[in-house]
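# Structural overview for review
The lines below spell out each chain.
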Amino acid sequence: MRSIRALAVASEIYPIIKTGGLADVIGALPVALNAEGIEVRTIVPGFPDVMQALGMAEEVLYYPNLQGGIARLLCGSCGELDIFVIDAPHLYARLGNPYIAPDGKDWPDNGIRFAALGRVAADIGLGAVPSFVPDVVHAHDWQAGLTHAYLHYSGRRRPATVMTIHNLAYQGQFPREMLSAIGLPLESFTIDGVEYYGTIGFLKAGLLFADRITTVSPTYAVEIQAPEAGMGLDGLLRARANQLSGILNGIDTSVWNPATDPNIASTFNSGDLDKRAANKVALQRRLSLRIAPDALLFGVISRLSWQKGLDLLLANLSTIVGDGTQIALLGSGDSDLESRFKAAAASNPDQISASIGYDEKLAHQIQAGVDALVVPSRFEPCGLTQLCALRYGAVAIVSRVGGLADTVIDADEAAIAGGKATGVQFGPVTVENLAGAIRRAGTLFNDKPVWQSIQKKGMTVDVSWCNSARRYADLYRQIVKTRANSS
Ligand code: ADP
Ligand code: GLC
């Protein structure tokens, strides 16, 4: 059987360019899919970091005018990843965050920039690069959503298509006046096309035209079909419920491996958990927290945004500090949250540390050193930090939403007795319920045998991509077969 070829379309790819978990997925899933007999190539915009990471590359397409300038499609690789890169300096040669200009606002031409991504991806889907004609085109998040609209309106025979939602909060809406500039026909601007509340909806288009829709956990797949989490798209998602499923993310278990991690003071595994203690002391030292091996130490590694519910943690700070508990926070984002955490750290430096910024090495050290990782998200499509926490023996304290609900088993009495517990869950997401979960974690922490059993159980959970890659591969095979039969 010939292996299936899949084109992944995305705006971020770890380790080259990353603003969140999307990049982790795009960097790890192709490698896991290869093991399932799927040949994946990923198309990404030629941001400066991408151009730099791309070694030897071949020009496979030339565009005299792609959204206002010359562009080339380059084909190359970076580590184990095979990539197509759109070299279009007028769209992508901008330093810093890929979406946000130095003034803190979205780049005004984001619609054009990511329409170009969809356009070139669709061209590849339609066979423009003879050496790589995909059977499946798999678009991720709004930045890639228009790919499926271009494929649809080409009127040509197209490959099978998948649209994956990593976060429904970001939908990519742009003014209707852009329609002709991005090369979509006038008749596409209807409710059965790209129109979305009077704008051009990139994610909406992807969700409408894809053969199959996936999101990154089974619970989020259910949540987004209701108005509360559906963010305006629940009606469409309900209408397409038969084509919608949830496939959990994994993590790259070679990057996140406590037994070999070069970033941490003391490597360990579930059989020698006592070696973990050295990481806690090293972290307390690095962050200038009081060196206190027995104090309960919480970690947070997160974008600081409303989604992540960290204002609920702030609301609980005085109790946490009063109990002698410590917090090591690493994050960036919302400036109000940044300054509130900085202020809390300044007034309690022995117990609270707030590292504002992005620091991968510190993220590993926090996972290896803290006793518990707190993830109080209001909604969480999957979440990756709790998966890393499981693997690193940091007990996850999570809200019962989305992928957090699917990946952590609450330490209730039955789960503890059955040796199944891997963390602490709370819900609904309120300040009081988080307070309750923190109290419960404190009690468990004081019962060392129970705490250790939770840590050990968490470390045995399979958080790799293996199972999920198999599910994506099965999905690809199904839709490729369906398309072949229908033509
Ligand atoms: P989201 O994609 O919503 O931000 P995820 O939990 O899926 O949330 O993924 C976040 C990823 O980014 C994880 O790999 C996490 O370790 C990483 N991360 C988040 N904030 C930081 C930070 N300040 N420094 C380093 N890594 C971070
Ligand atoms: C999004 C979600 C997060 C998910 C990640 C990767 O950023 O917020 O929950 O883990 O995408 O799918």
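Higher on the page you've got the structure.
To start, this report covers the structure provided alongside it. (Residues numbered from 1 in each chain as written. Chains lettered and ligands numbered in written order. Predicted model: local features only at pLDDT ≥ 70, side-chain atom pairs only at ≥ 80, totals over all residues. Heavy atoms only, no water.)

## Some remarks on the site of ligand 2
If you check the shell around ligand 2, you find 14 residues, and the closest are H166, N249, E380, C382 and G383. Measuring from an oxygen atom of ligand 2, one finds a side-chain N or O atom of H166 at 2.6 Å. Separating an oxygen atom of ligand 2 from a side-chain N or O atom of Q307 is a distance of 3.1 Å. Relative to its free-state accessible area of 310 Å², ligand 2 is covered by the protein chains to the extent of 93%. For the shell around ligand 2, the element with the most residues is helix α1 (residues 21–34), which contributes three residues. For the shell around ligand 2, a count of residues per class yields six nonpolar, six polar and two charged. (Near = heavy atom within 4 Å. Polar contact = N/O pair within 3.5 Å; in protein donor to acceptor, adjacent residues only side chain to side chain. Areas by Shrake-Rupley, 256 points an atom, 1.4 Å probe, with all protein chains shown as cover. Helix = DSSP H or I, 4+ residues; strand = E, 2+ residues; numbered from the N terminus. Nonpolar A, V, L, I, M, F, W, Y, C, P; charged D, E, K, R; others polar.)

## Quick notes on the site of ligand 1
Close to ligand 1 lie 18 residues; G21, R303, K308, G357 and L384 are nearest. A distance of 3.0 Å is found between an oxygen atom of ligand 1 and a side-chain nitrogen or oxygen belonging to K18. Contacts to ligand 1 include D24, whose side-chain N or O atom sits 2.9 Å from an oxygen atom. Coverage of ligand 1 by the protein amounts to 91% of the 560 Å² it exposes when considered alone. Here the shell around ligand 1 takes three residues from strand β13 (residues 297–304), the largest share from any one element. Of the residues assigned to the shell around ligand 1, the class counts are four nonpolar, eight polar and six charged.

## Re the pairing of strand β7 (residues 160–165)
When you tally the buried positions in β7, you get six out of six residues, the bulk of the element. Side-chain alternation along β7 places A160, V162 and T164 on one buried face and T161, M163 and I165 on a second face that is also buried. Of the strand pairs in this sheet, strand β6 (residues 136–140) and β7 are connected by five bridges, and their pairing is parallel. Considered in β7, the bridge of A139 is made with M163. Assessed by its sense of winding, the connection that carries the chain from β6 through helix α5 (residues 141–153) to β7 is right-handed. Note: β7 against strand β11 (residues 212–215), four bridges, orientation parallel. For T164, the partnering residue across the bridge sits in β11 and is T214. (Buried < 20%, exposed > 50% of the residue type's maximum accessible area, 1.4 Å probe, protein only. Pairing = 2+ DSSP bridges. Right-handed = clockwise from strand over helix to strand, strands pointing away.)

## Observations concerning the environment of G436
Counting through the fold element by element, G436 comes out in helix α18 (residues 431–445). Residues G436 and W451, 15 residues apart in the sequence, show an inter-C-alpha distance of 17 Å.

## Digging into the nonpolar core
Ranked by internal contacts, the top residues of the largest apolar core, which has 76 residues, are I43 and L146. Looking at this core element by element, the count peaks at nine residues for helix α4 (residues 110–125). In this structure, I43 is in contact with L7, A8, V9, A10, L73, F84, I86, L117, V120, A121 and I124, ignoring residues within four places of it in sequence. Ranked by size, the runner-up nonpolar core spans 36 residues in total, among them L312, A344, V374 and I438. (Core = buried A, V, L, I, M, F, W, Y, C linked by side-chain atoms within 4.5 Å. Contact = heavy atoms within 4.5 Å.)

## Considerations on the packing of aromatic side chains
For the coordinates displayed, the defined rule picks out 12 aromatic pairs. Where F445 meets W451, the ring centres are 5.3 Å apart and the plane angle is 85 degrees; that geometry is what we call edge-to-face. Each member of the pair, F445 together with W451, is buried. Each member of the aromatic cluster is reached from another via a ring pair, and the members are Y99, F114, W142, F174 and F202. Positioned above the aromatic ring of W107, the side-chain terminus of R94 is 4.6 Å from the ring centre. (Phe/Tyr/Trp six-rings, centres within 6.5 Å; stacked < 30°, edge-to-face > 60°. Lys NZ or Arg CZ within 6 Å of the ring centre and 35° of its normal.)

## Observations concerning the side chain of R212
Note on placement: R212 falls in strand β11. For the buried R212, no salt bridge is present, and the opposite-charge side chain at shortest range is D211, 8.7 Å distant. Here Q478 takes part through its side chain, which lies 3.1 Å from a polar atom of the side chain of R212. When near neighbours in sequence (up to four residues on either side) are disregarded, R212 contacts T161, V162, M163, Q243, S245, L475, Q478 and I479. (Lys, Arg positive; Asp, Glu negative; His and termini not counted. Salt bridge = Lys/Arg side-chain N within 4 Å of Asp/Glu carboxyl O.)

## Comments concerning the state of the cysteines
For the structure on display, the rule yields zero disulfides. Free cysteine C75: the closest other cysteine sulfur is in C78, separated by 13 Å. Unpaired in this structure, C382 has its nearest cysteine sulfur neighbour in C388, at a distance of 10 Å. (Disulfide = S-S within 2.5 Å.)

## Digging into the pattern of salt bridges
Tallying each qualifying case throughout the model produces 16 salt bridges. One salt bridge in this structure joins R158 and D211, with 2.8 Å as the shortest N-O distance. Placement of the pair is R158 in the loop between α5 and β7 and D211 in the loop between α6 (202–209) and β11, with a sequence separation of 53 residues. A relative accessible area of 18% places D211 in the buried class. Here R238 makes a salt bridge to D234, at a shortest N to O gap of 3.0 Å. In this pair, R238 and D234 are both assigned in helix α9 (residues 234–239), four residues apart and thus about one turn of the helix distant. Take D234: its relative accessible area is 10%, and that puts it in the buried class.

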